[in-house]
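# Secondary and tertiary structure notes
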Amino acid sequence: MFFKRKAFLILISAALLINIIVLIFRFYLSSMIKDVVLLGKLDSISLTKEIDERLDKINPPGNLFVRFEGFKSKDGAGWGALEDVASIMYFRMAYKMYPKIVFACSENTKIVRGNEFLDADFPPEKSWLRSKNISGILTILRSPEDGREIWYYQNLDNQSAGN
Amino acid sequence: MVFIAIYLLSILICGISVLSFCEIRKGNQWPIHKLLAFAYVIGSGVSAFVLFWMALAGIPPTALWIIYLFVFSIVLFALSPARRILSSIALACKISGQKQLKNQDIMMSNTDLIGRSTILLAIFALLLSFSIVFMNSLFMPLWDIDSFALWGLKSKAIYFTSLDKGAYFHRIGYGFSHLEYPLLAPFLNAGIYLCLGGCPQNWGKLLYIPLFLSLVVVLCSAAARNMDKILSFGFAALLFSSPAILQWSAAGTADIYVVAFYAAMLFFSIGYIENRDKSNLSLSILCGAFLVFSKNEGLPIAVINILCVLCAATIMKFDIRDKIRIIAYASLGAFILIPWFMWSSDIPRIHENYPEHIGKILDPKNLSRIPDITFQFFSQGKNCFRWGLFWLIFPVSLIFARKSAKFLVPLVCLFANFALYFLIFVISPWDVSYLSAAALERLLTHLSVPAFYVMVSSLGPLSENSRRN
């Protein structure tokens, strides 16, 4: 019994040591926390941070219609494809803007994976925009050459436009 | 801040009151850390239900919810035996505190070098884990996709528009957030938003910190039923310093609530099978109801657990009245959930309807996925960078299988649960690699609970000083 117990203690100690080493050196959450919280480097959360900041700047008084252009990859949707980037951006906008609603297509389109709106081909009419209390249209253009995203916001209340 | 203190206090009081109705009434004197840990886990479930009922009653979501919850917790406390036995609890705490100090002294002085280094490593690993959970909860925004696209959005929906179906729950454009998912975590997070009067991303995750601490104590107590304190502490530290567990402990999702209620449900289920007392059964069923209200996976987990208890009762030749009692209590648990089922029945379910797909299990296209799925499960389990040695030690523990409820109930739960998740992967229309990346680690997080119970119950009796608690 004594030796078995010792064996267990050695096994647990080894396992704990492995966990400690992984947590310190190989766990991306640890390095994220170090970067974001301790060093103030926001690279690892840049996508969500940028979306939050831009939406704070736009701050539409009503709901928002968002159009994604240049987010369809040649190989089709798949794990990690461009379509997924559009999905994540849409998810973040939906979260950030609530209780204001973000539309990317007709309200009758089911969005499950998050990129169904890319195939929806839904140019919104003025009457529809008014009926949904949409006060601005945000177009996110992705350059096929360098992958840069250009945000273009059109405020429907006073018809002004800006980048 | 005052509201947050009231909110946390209400959760604890609810938990202590419910525990006192059942467990403590028998005269069991739990040490203070165990009492608080179980009280917090159970109190979280009770509080979420109370907030849900307030929303159903049409009370608008304001800080009044927190006041009403506090009043409810005080009334519950006044009605419960906790009030009468408060002094004995205090005495028990004092005695157990003194005993623990003595025990710790004895433990450290009687322990050899290996034992001491295990304790020190476990303390260091847990401190490191806690600091990661603490920082991720309080200083990081909601960065994981599920945490903001599903749970964060739902929490904001509850905070701003309560149960208004038109505002969120019937909006199929937000179908990505699984509109029909249960609302325990969103209600608890919304409670924090109500305390603060806004939706800060980091403070919204505040409740995950005490939940993590409680969970460590709950599983440590479960292990201590089978083995001595050093080993049980070491095993708990082993699980709670796994990167995968830490990842989901403060991400802002509902998975850690599933883990917590699953751990508590198994704890009380095993207690019932061993001691045949009603209080353990009622607490087990209550935790099952909380599981169902936490996540869709909670329903099959709770049902499997109850069926396991029923099977164990049959095998161990329980009285017919005991079996009827299990069914009656399970029905009571389902009764608590009726308002949720009724309210959510018309929410559009636009994701995969898995029960419909079960008929297609023998489809050759689905069967051809099995080797790939098996590979994905195994490669996830043996990934030391995510799970350490946890899933590698588990098969070793199976070698020491034994005929006891402590071992068999979690083992059957584990295999039934694993079979269910495997089946879902087989019949799912999604690509296996996509499913693995999106969900596999979290499913293994749920499975780690029964695996932990199996591990400690099989290895415990082999160690020195094994004892029943």
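Residues numbered from 1 in each chain as written. Chains lettered and ligands numbered in written order. Predicted model: local features only at pLDDT ≥ 70, side-chain atom pairs only at ≥ 80, totals over all residues. Heavy atoms only, no water.

## A few points about the overall build of chain A
Counting its regular elements, chain A contains six helices and five strands. Overall, chain A shows an N-to-C arrangement of helices and strands of α-α-α-β-α-β-α-α-β-β-β. Scaling as 2.2 N^0.38, a compact globule of 163 residues should have a C-alpha radius of gyration of about 15 Å, whereas chain A reaches 23 Å, well beyond that. For chain A, the spread of C-alpha atoms along the three principal axes comes to 80 × 35 × 35 Å. Relative to its 163 residues, chain A shows a buried fraction of 45%. In chain A, the share of contacts with a sequence separation of at least 24, taken over all contacts with a separation of at least 6, comes to 57%. A total of about 8,700 Å² of accessible surface is found on chain A, and carbon and sulfur atoms cover 53% of it. (Helix = DSSP H or I, 4+ residues; strand = E, 2+ residues; numbered from the N terminus. Rg over C-alpha atoms; globule rule 2.2 N^0.38 Å. Buried < 20%, exposed > 50% of the residue type's maximum accessible area, 1.4 Å probe, protein only. Contact = heavy atoms within 4.5 Å. Areas by Shrake-Rupley, 256 points an atom, 1.4 Å probe, with all protein chains shown as cover.)

## Quick look at the packing of aromatic side chains
Under the defined criterion, the tally for this structure stands at 50 aromatic pairs over all chains. Ring geometry for Phe38 of chain B and Phe267 of chain B: centres 4.7 Å apart, planes at 50°, overall tilted. Here Phe38 of chain B is found in helix α2 (residues 32-56), whereas its partner Phe267 of chain B is found in helix α12 (residues 255-275), with 229 residues between them in sequence. Taken as a pair, Phe38 of chain B and Phe267 of chain B share a single burial class, namely buried. A centroid spacing of 5.9 Å and a plane angle of 80° characterise the contact between Tyr159 of chain B and Tyr193 of chain B, whose relative ring orientation is edge-to-face. Note that Tyr159 of chain B is positioned in helix α6 (residues 145-161) and Tyr193 of chain B in helix α8 (residues 184-196), a separation of 34 residues in sequence. Each of the two residues, Tyr159 of chain B as well as Tyr193 of chain B, counts as buried. Across the ring face of Phe385 of chain B, the terminal group of Arg26 of chain A is positioned such that the distance to the ring centre comes to 4.2 Å. In this arrangement the basic side chain of Arg276 of chain B is found over the ring face of Phe318 of chain B, its NZ or CZ atom lying 3.9 Å from the centre. (Phe/Tyr/Trp six-rings, centres within 6.5 Å; stacked < 30°, edge-to-face > 60°. Lys NZ or Arg CZ within 6 Å of the ring centre and 35° of its normal.)

## Looking at a nonpolar patch on the surface
Residues and elements named next belong to chain B. Taken together, the side chains of Phe21, Leu64, Ile67, Tyr68, Val71, Val75 and Leu79 define a hydrophobic patch exposed on the protein surface, amounting to about 600 Å² of accessible area. The greatest single-element share of the nonpolar patch, amounting to six residues, is contributed by helix α3 (residues 64-79). Mapped onto the fold, Phe21 is located in helix α1 (residues 2-22). (Patch = residues over 30% accessible without salt bridge, like charges linked within 9 Å, V, L, I, M, F, W, Y side chains within 5 Å. Salt bridge = Lys/Arg side-chain N within 4 Å of Asp/Glu carboxyl O.)

## Some thoughts on the environment of Asp121 of chain A
Here Asp121 of chain A lies in the loop between α5 (117-120) and α6 (126-131). Along the chain, Asp121 of chain A and Arg67 of chain A lie 54 residues apart, while their C-alpha atoms are 10.0 Å from each other.

## Some points on the confidence of the model for chain A
Mean pLDDT over chain A stands at 87; residues scoring 70 or higher make up 91%. Here strand β5 (residues 160-162) of chain A is the element of chain A with the lowest mean pLDDT, 45, and strand β2 (residues 102-103) of chain A is the one with the highest, 95. (pLDDT = per-residue confidence, 0-100.)

## Focus: the packing of helix α5 (residues 113-138) of chain B against helix α10 (residues 229-240) of chain B
All names here are of chain B. It is at 9 Å that the axes of α5 and α10 come closest, and there the two elements cross at 35°. Considering how the two elements wind past one another, α5 and α10 form a crossing that is left-handed. Residue-level inspection shows Gly115, Thr118, Ile119, Ala122, Ile123, Leu126 and Ser129 of α5 in contact with α10, the latter providing Ile230, Phe233, Gly234, Ala237 and Phe240. For the contact of α5 with α10, the residue count by class is eight nonpolar, four polar and no charged. (Axes fitted to C-alpha atoms, helices over the stretch in contact; angles between N-to-C directions. Left-handed = near helix turned anticlockwise from the far one by under 90°. Nonpolar A, V, L, I, M, F, W, Y, C, P; charged D, E, K, R; others polar.)

## Focus on the nonpolar core
Counting residues in each nonpolar core, the largest one holds 219 residues, and the members touching the most others are Tyr90 of chain A together with Tyr174 of chain B. The element contributing the most residues to this core is α12 of chain B, with 16 residues. In this view, Tyr90 of chain A contacts Val66, Phe68, Val102, Ala104, Ile111, Gly114 and Phe117 of chain A together with Gly173, Tyr174 and Phe176 of chain B; residues no more than four positions away in its chain are not counted. (Core = buried A, V, L, I, M, F, W, Y, C linked by side-chain atoms within 4.5 Å.)

## Describing the interface of chain A and chain B
Across the boundary between the two partners, chain A contributes 54 residues, which contact 64 residues of chain B. Both faces combined, the contact of chain A with chain B buries some 5,600 Å², and carbon together with sulfur accounts for 76% of it. Broken down residue by residue, the surface that chain A buries against chain B is led by Arg5, Tyr95 and Tyr98 of chain A, which jointly contribute 15%. In this assembly, chain A and chain B are joined by 15 residue pairs in polar contact (both at pLDDT 80 or more). (Buried area = accessible area lost by both parts, 1.4 Å probe. Polar contact = N/O pair within 3.5 Å; in protein donor to acceptor, adjacent residues only side chain to side chain.)

## Notes on empty space enclosed by the protein
Under the counting rule described, the total for this entry stands at four cavities of 30 Å³ or more. As for the largest cavity, its lining consists of Tyr90, Ile101, Val102, Phe103, Ala104, Cys105, Ser106, Glu107 and Ile111 of chain A together with Arg171, Gly173 and Tyr174 of chain B. For the lining of the largest cavity, the per-class residue count stands at eight nonpolar, two polar and two charged. Taken as a whole, the second largest cavity spans an internal volume of roughly 50 Å³. Forming the boundary of the second largest cavity are Leu142, Ser147, Trp151, Gly152, Ser155, Asn189, Tyr193, Gln201, Gly204, Lys205 and Gly252 of chain B. Split by residue class, the lining of the second largest cavity holds three nonpolar, seven polar and one charged. (1 Å grid on protein atoms, 1.4 Å probe; cavity = no way out; pocket = protein on both sides within 12 Å on 5 of 7 lines; lining within 4 Å. Points joined across faces, edges and corners; volume = space filled by probe spheres on them.)

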